[in-house]
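In case you want the letters, here they are:
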Amino acid sequence: MDTNALTALRENVRGTVTTAEDAGYDDARRVYNAMIDRRPAVIVRPANTGDVMTAVRFAAENDLTIAVRGGSHSVPGFGTADDALVVDLSTMRGVRVDPLTQTARVEGGATWGDLNAAAYPFGLATTGGIISTTGVGGLTLGGGIGYLTRGLGLSCDNLLAADVVTADGSFHVASDKEDADLFWAIRGGGGNFGVITSFEFRMSPVKDIYGGPMFFELDAAGDLLRFYREFIADAPEELGCFPAYQIAPPLPFIPEDRHGEPFIAMVTCWAGDPDAGEKALQPIRDVAPRVAEHVGVMPYPALNSAFDALVPPGLQHYWKANFVSELTDDAIAAHLEHGPKVPVVNSTVHIYPINGAAQRVAPDSTAFAYRDATFATVIAGMWPDAADNDANTTWVKDYYAATAPHSEEGGYVNFMAEDDQSRIRANYRGNYDRLAEVKRRYDPDNLFRHNQNIQPG
């Protein structure tokens, strides 16, 4: 980089600019997935949108690609890259809730925990993820699957507008009324189109929920999965629940002598009247005896953060994913074979429901194309010791290979690994060509390529 240009960048940015010559460089370049060890050319932590515009222009003028870091959970490590300029939004985490319009304005570096904390006192929420430390931006741009999907739709279905800095450093307010093609593309198209510095969401009345995890013996897994595929098809849309293979953590509600054993679990969230929650969940309880459960009335943010401790920063991560239209007997057989082999307490397998409100959006209304899929499966390999990388990555790959023939060709981009780039067209089906054209208009040189990358059309 030109020294004078770098000096000018430091002078013109209100936030911080860090390079390898700075004392804080190693801390600044560290990301959530400990498998990722990249050395970007410069890391900008902007204080405001103007800083982002300055950083993007600097990258373009100095022939640097851009990696955008929001909540920093990106499993493939797309929030960093060798020799790139990193726009690290972690200092832009403000949230403003308007209870009169039931909307929220959320800065690009905010997490779902930030949004939940601001919205809960107003009795409001929108579809977020399963872990509260996940970034609002990354989750929403890829679609946004969570506890409230069946009743409220995906996170991107609740997005009303977004402030976007595109590859030429210009500022856009994307909505149905302005930059409508850009707005269409960022609802599922990932970080391909620019840096989103602010999101405006539609919020809905959700405060206290009835839910939590139930643990069943492994020999009940077949019955539970067969029950689930039928039950969730027409269950009340206030109910979000998903089965999970999970090693029991050392929690007080689980019998101590069962800690460390694998179970099939059902994680539940009844977002209707909490008093009706017990009745709504009773069919699940009737499937088989439960080893343990921690179910009751709780604040929605408490459920959204309940599993945060299992996935701290610094784990090794390798994930695979597919959309599933029908959970067939053969698919269930594959889960029964590989799910019990979950290697450590941090790793898990979830089968999320994405029917209900999410299916009432046309597949070409947003970039998220799989509106006919019923489930989104993720095989989330996460473990603390790098010495286990080969063995645990093999578990993920073998599991994926067994379930893929019974799944759709494409998967949810937020769950994709770095080696899934060959699936990008399948992930977007008939929406891909339009996405490529929008990419050509707003990022013709593919400055924003550190993602599940859509090539300019």
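Located above this text is the structure these notes cover.
Residue numbers restart at each chain and count upward from 1, following the sequence in its written direction. Two thresholds apply to this predicted model, a pLDDT of at least 70 for residue-level local features and 80 or more for giving and counting side-chain atom pairs, whereas whole-chain, interface and lining totals are computed over all residues. Note: side-chain values were computed over all heavy atoms of the structure, leaving out hydrogens and water.

Some remarks on the overall build of the protein
Link 1 in the chain: Each helix is a run of H or I in the DSSP string that is no shorter than four residues. Each strand is a run of E no shorter than two, and both are numbered from the N terminus. Scanning the protein from N- to C-terminus turns up 14 helices and 19 strands.
Link 2 in the chain: Each radius of gyration is computed over the set of C-alpha atoms, and the globule rule expresses the reference value as 2.2 Å times the number of residues to the power 0.38. Computed over C-alpha atoms, the radius of gyration of the protein comes to 21 Å, within 12% of the 23 Å expected from 2.2 N^0.38 for 457 residues, which places it in the range of a compact globule.
Link 3 in the chain: For every residue, the accessible area obtained with a 1.4 Å probe (protein chains only) is divided by the maximum for its type, and the residue is called buried under 20%, exposed over 50%, and partly exposed between those limits. Looking at the protein as a whole, 59% of its 457 residues qualify as buried.
Link 4 in the chain: Partitioning the contacts of the protein with sequence separation of at least 6, the portion at a separation of at least 24 is 74%.
Link 5 in the chain: Working note: accessible area of the protein is about 17,300 Å², and carbon and sulfur atoms make up 49% of it.
Link 6 in the chain: For the purpose of charge, His is not counted, nor are the chain termini; Lys and Arg are scored as positive and Asp and Glu as negative. Taken as the charge location is NZ of Lys, CZ of Arg, CG of Asp or CD of Glu. Here the protein contributes 36 positive and 60 negative side-chain charges, whose respective centroids are spaced 3 Å apart. Residue contacts are counted whenever heavy atoms from the two residues lie within 4.5 Å of one another. Per-residue accessibility takes into account occlusion by the displayed protein chains alone, with areas from the Shrake-Rupley method and a 1.4 Å probe.

A few points about the pattern of salt bridges
Link 1 in the chain: In what follows, salt bridge is the name for a side-chain nitrogen of Lys or Arg lying within 4 Å of a carboxyl oxygen of Asp or Glu. Tallied over the entire structure, the rule returns 30 salt bridges.
Link 2 in the chain: Two residues, Asp181 and Arg441, come together in a salt bridge whose shortest N-O distance is 2.7 Å. Separated by 260 residues along the polypeptide, Asp181 in helix 7 (residues 180–186) and Arg441 in helix 14 (residues 432–442) bring together distant segments of the chain.
Link 3 in the chain: Across the pair Lys320 and Asp420 runs a salt bridge whose closest N-O atoms are separated by 2.8 Å.

Focus: the sheet that holds strand 1 (residues 16–18)
Link 1 in the chain: Here the rule is simple: two strands pair whenever DSSP picks up at least two bridges between them. An order of 1-2-4-3 is seen for the four strands of this open sheet, with the pairing classed as mixed. Whereas interior strands pair on both sides, the edge strands pair on one side only; in this sheet they are strand 1 and strand 3 (66–69). Strand-to-strand twist across the sheet, computed as the mean angle between neighbouring axes with direction ignored, equals 20 degrees.
Link 2 in the chain: In the sheet, strand 1 pairs with strand 2 (residues 42–45) via three bridges, with the strands oriented antiparallel. The angle between two axes is taken between their N-to-C directions and runs from 0 to 180 degrees, where each axis is a line fitted to C-alpha atoms and a helix contributes only its stretch in contact.

A closer look at the nonpolar core
Link 1 in the chain: Counting residues in each nonpolar core, the largest one holds 114 residues, and the members touching the most others are Tyr147, Ile186, Phe216, Tyr228, Leu281 and Ile284.
Link 2 in the chain: Filtering out sequence-adjacent residues up to four positions away, Leu281 remains in contact with Tyr210, Gly211, Met214, Leu239, Thr268, Trp270 and Val295.
Link 3 in the chain: Judged by nonpolar contacts, the second largest core, of 23 residues, contains Val17, Val42, Val44 and Leu447. The set of buried Ala, Val, Leu, Ile, Met, Phe, Trp, Tyr and Cys residues whose side-chain atoms join them within 4.5 Å is what this entry labels a nonpolar core.

Remarks on the sheet that holds strand 9 (residues 171–175)
Link 1 in the chain: The sheet built from five strands is open, its strands ordered 5-6-10-8-9 with antiparallel pairing. Of all the strands in the sheet, just strand 5 (95–98) and strand 9 have a single pairing partner and so form its edges. For this sheet the average axis-to-axis angle between neighbouring strands, irrespective of direction, equals 15 degrees.
Link 2 in the chain: Packed onto the sheet, helix 4 (residues 112–119) meets strand 5, strand 6 (103–107) and strand 10 (195–202) and runs at close to 35 degrees relative to strand 5.

Describing helix 4
Link 1 in the chain: Residues Trp112, Leu115, Asn116 and Ala119 constitute the buried set of helix 4. Relative to the axis of helix 4, the buried residues are bounded by an arc of 100 degrees and lie together on one face.
Link 2 in the chain: Looking at the buried side of helix 4, the elements it contacts are strand 5, strand 6, strand 7 (124–125), helix 5 (136–142), strand 10 and helix 10 (300–304). Arc definition: directions from the helix axis to the C-beta atoms.

So, unusual backbone geometry
Peptide bonds are trans in most cases, and residues, glycine excluded, mostly fall at negative phi.
Link 1 in the chain: Although it is not a glycine, Asp63 sits at a positive phi angle of roughly 55 degrees.
Link 2 in the chain: Mapping Asp63 onto the fold places it in the loop between helix 3 (49–61) and strand 3.
Link 3 in the chain: Assessed through its relative accessible area of 73%, Asp63 is described here as exposed.
Link 4 in the chain: Residues other than glycine seldom take positive phi values, yet Asn446 does so here, at roughly 55 degrees.

A word on the side chain of His350
Link 1 in the chain: For His350, the position within the fold is in strand 18 (residues 348–353).
Link 2 in the chain: For His350, the residues in contact, after removing those within four places along its chain, are Phe242, Pro243, Ala244, Ala376, Thr377 and Val378.

Details of the packing of aromatic side chains
Link 1 in the chain: Within 6.5 Å between ring centres, the rings of Phe, Tyr and Trp (the latter by its six-membered ring) count as paired, and their orientation is classed by plane angle as stacked under 30 degrees, edge-to-face over 60, tilted in between. Summed over the entire model, instances satisfying the criterion amount to 15 aromatic pairs.
Link 2 in the chain: Relative to Phe201, the ring of Trp112 has its centre 6.0 Å away and its plane inclined at 55 degrees; by these criteria the two rings are tilted. Taken together, the positions of Trp112 in helix 4 and Phe201 in strand 10 put the pair 89 residues apart, joining distant regions of the chain.
Link 3 in the chain: Relative to Tyr412, the ring of Phe368 has its centre 6.4 Å away and its plane inclined at 70 degrees; by these criteria the two rings are edge-to-face. Here Tyr412 lies in the loop between helix 12 (389–403) and helix 13 (424–428) and Phe368 lies in the loop between strand 18 and strand 19 (375–383), a separation of 44 residues in the sequence. Across the pair, exposure class does not vary: Phe368 and Tyr412 are buried alike.
Link 4 in the chain: Taken together through their ring pairs, the aromatic side chains of Tyr147, Phe242, Trp319, Phe323, Tyr352, Phe368, Tyr370, Tyr412 and Phe415 make up a single cluster.
Link 5 in the chain: When the ring centre of Tyr370 is taken as origin, the NZ or CZ atom of Arg429, which lies over that ring, is 3.8 Å away.
Link 6 in the chain: Only Lys NZ and Arg CZ are tested; either one counts as a charge over a ring when it is within 6 Å of the ring centre and within 35 degrees of the ring normal. Lying across the ring of Trp184, Arg434 places its NZ or CZ 3.9 Å from the centre.

Section: the packing of helix 1 (residues 3–12) against helix 3
Link 1 in the chain: Put simply, helix 1 and helix 3 touch, their axes get as near as 10 Å, and they point 170 degrees apart. The angle between helix 1 and helix 3 places the two elements in the roughly antiparallel class. Contacts between helix 1 and helix 3 involve Ala5, Leu6, Leu9 and Asn12 from the first element and Asp51, Thr54, Ala55 and Phe58 from the second.
Link 2 in the chain: Here the residues of the contact of helix 1 with helix 3 are counted per class, giving five nonpolar, two polar and one charged. Should an angle fall under 35 degrees it is taken as roughly parallel, and over 145 as roughly antiparallel, whereas 65 to 115 is taken as roughly perpendicular and any remaining angle as oblique. Residues are sorted three ways: Asp, Glu, Lys and Arg are charged, Ala, Val, Leu, Ile, Met, Phe, Trp, Tyr, Cys and Pro are nonpolar, and all the rest, Gly among them, are polar.

The values are spatial; any link to function lies outside them.
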